[in-house]
Amino acid sequence: MELERLALERASTAREAIRIMGEFATKFGYGDSGECLTVGDPNEAWMFEIFGAGPAEKGAVWAAKRIPEGTSA
């Protein structure tokens, strides 16, 4: 939740928020077992999957994918 909050405070688009979350997680680490976050703006939406790099590693493993236009829940 903190990762998403930090990114949304700094970003003006969903794409920028994804980039910021990835940079923060890689640089400072991610200590959770994993989660999926959805980030959107008026123009696009993204799914961001992340989990920690491991107990002895600082960093994170993450991937993001833009949700195609016209996709519904």
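**Overview of the overall build of the protein chain**
Working step 1: When you go through the protein chain residue by residue, the secondary structure sums to two helices and three strands.
Working step 2: N-terminal to C-terminal, the α/β element order of the protein chain is α-α-β-β-β.
Working step 3: Taking the principal axes of its C-alpha atoms as reference, the protein chain extends roughly 40 × 25 × 15 Å.
Working step 4: For the protein chain, with 73 residues in total, the buried portion stands at 27%.
Working step 5: Look at the contacts in the protein chain between residues 6 or more apart in sequence, and 36% of them connect residues 24 or more apart.
Working step 6: Total accessible area computed for the protein chain in this model is approximately 5000 Å², and 55% of it derives from carbon and sulfur atoms.
Working step 7: One way to put it: in the protein chain the 8 positive side-chain charges average out to a point 6 Å from where the 12 negative ones average out.

**Here's the deal with the nonpolar core**
Working step 1: Grouped together as the largest cluster of nonpolar side chains are 16 residues, with contacts concentrated most on L3, I18, M21, V39, F48 and I50.
Working step 2: Contributing elements (two or more residues each) for this core: α1 (2-10), α2 (14-28), β1 (35-40) and β2 (45-52).
Working step 3: The dominant element in this core, judged by the number of residues it contributes, is α2, at six residues.
Working step 4: Every residue in contact with V39, bar those within four places of it in the chain, is listed here: E4, L8, A14, A17, I18, M21, E44, A45 and W46.

**Some details on the environment of F28**
Working step 1: Relative to the helices and strands, F28 resides in helix α2.
Working step 2: Considering only alpha carbons, one finds F28 and A60, 32 residues apart in sequence, at a separation of 8.6 Å.

**Things to note about the packing of α1 against α2**
Working step 1: Close contact between α1 and α2 brings their axes to 9 Å; oriented N to C, the two are set at 130°. Comparing their axes, α2 and α1 come out oblique. Along this stretch, α1 crosses α2, giving a crossing that reads as right-handed. Across the interface between the two elements, L3, E4, L6, A7, L8 and R10 of α1 pack against E16, A17, I20, M21, F24 and A25 of α2.
Working step 2: Along the lines of polarity and charge, the residues of the contact of α1 with α2 split into nine nonpolar, no polar and three charged.

**Observations concerning the side chain of E44**
Working step 1: By the element assignment, E44 lies in the loop between β1 and β2.
Working step 2: A distance of 3.1 Å separates the side chain of E44 from the side chain of W46, its partner in a polar contact.
Working step 3: Setting aside residues up to four positions removed in sequence, E44 forms contacts with A14, R15, V39 and R66.

Conventions and cut-offs
Residues numbered from 1 in each chain as written. Predicted model: local features only at pLDDT ≥ 70, side-chain atom pairs only at ≥ 80, totals over all residues. Heavy atoms only, no water. Helix = DSSP H or I, 4+ residues; strand = E, 2+ residues; numbered from the N terminus. Buried < 20%, exposed > 50% of the residue type's maximum accessible area, 1.4 Å probe, protein only. Contact = heavy atoms within 4.5 Å. Areas by Shrake-Rupley, 256 points an atom, 1.4 Å probe, with all protein chains shown as cover. Lys, Arg positive; Asp, Glu negative; His and termini not counted. Charge placed at Lys NZ, Arg CZ, Asp CG, Glu CD. Core = buried A, V, L, I, M, F, W, Y, C linked by side-chain atoms within 4.5 Å. Axes fitted to C-alpha atoms, helices over the stretch in contact; angles between N-to-C directions. Parallel < 35°, antiparallel > 145°, perpendicular 65-115°, else oblique. Left-handed = near helix turned anticlockwise from the far one by under 90°. Nonpolar A, V, L, I, M, F, W, Y, C, P; charged D, E, K, R; others polar. Polar contact = N/O pair within 3.5 Å; in protein donor to acceptor, adjacent residues only side chain to side chain.

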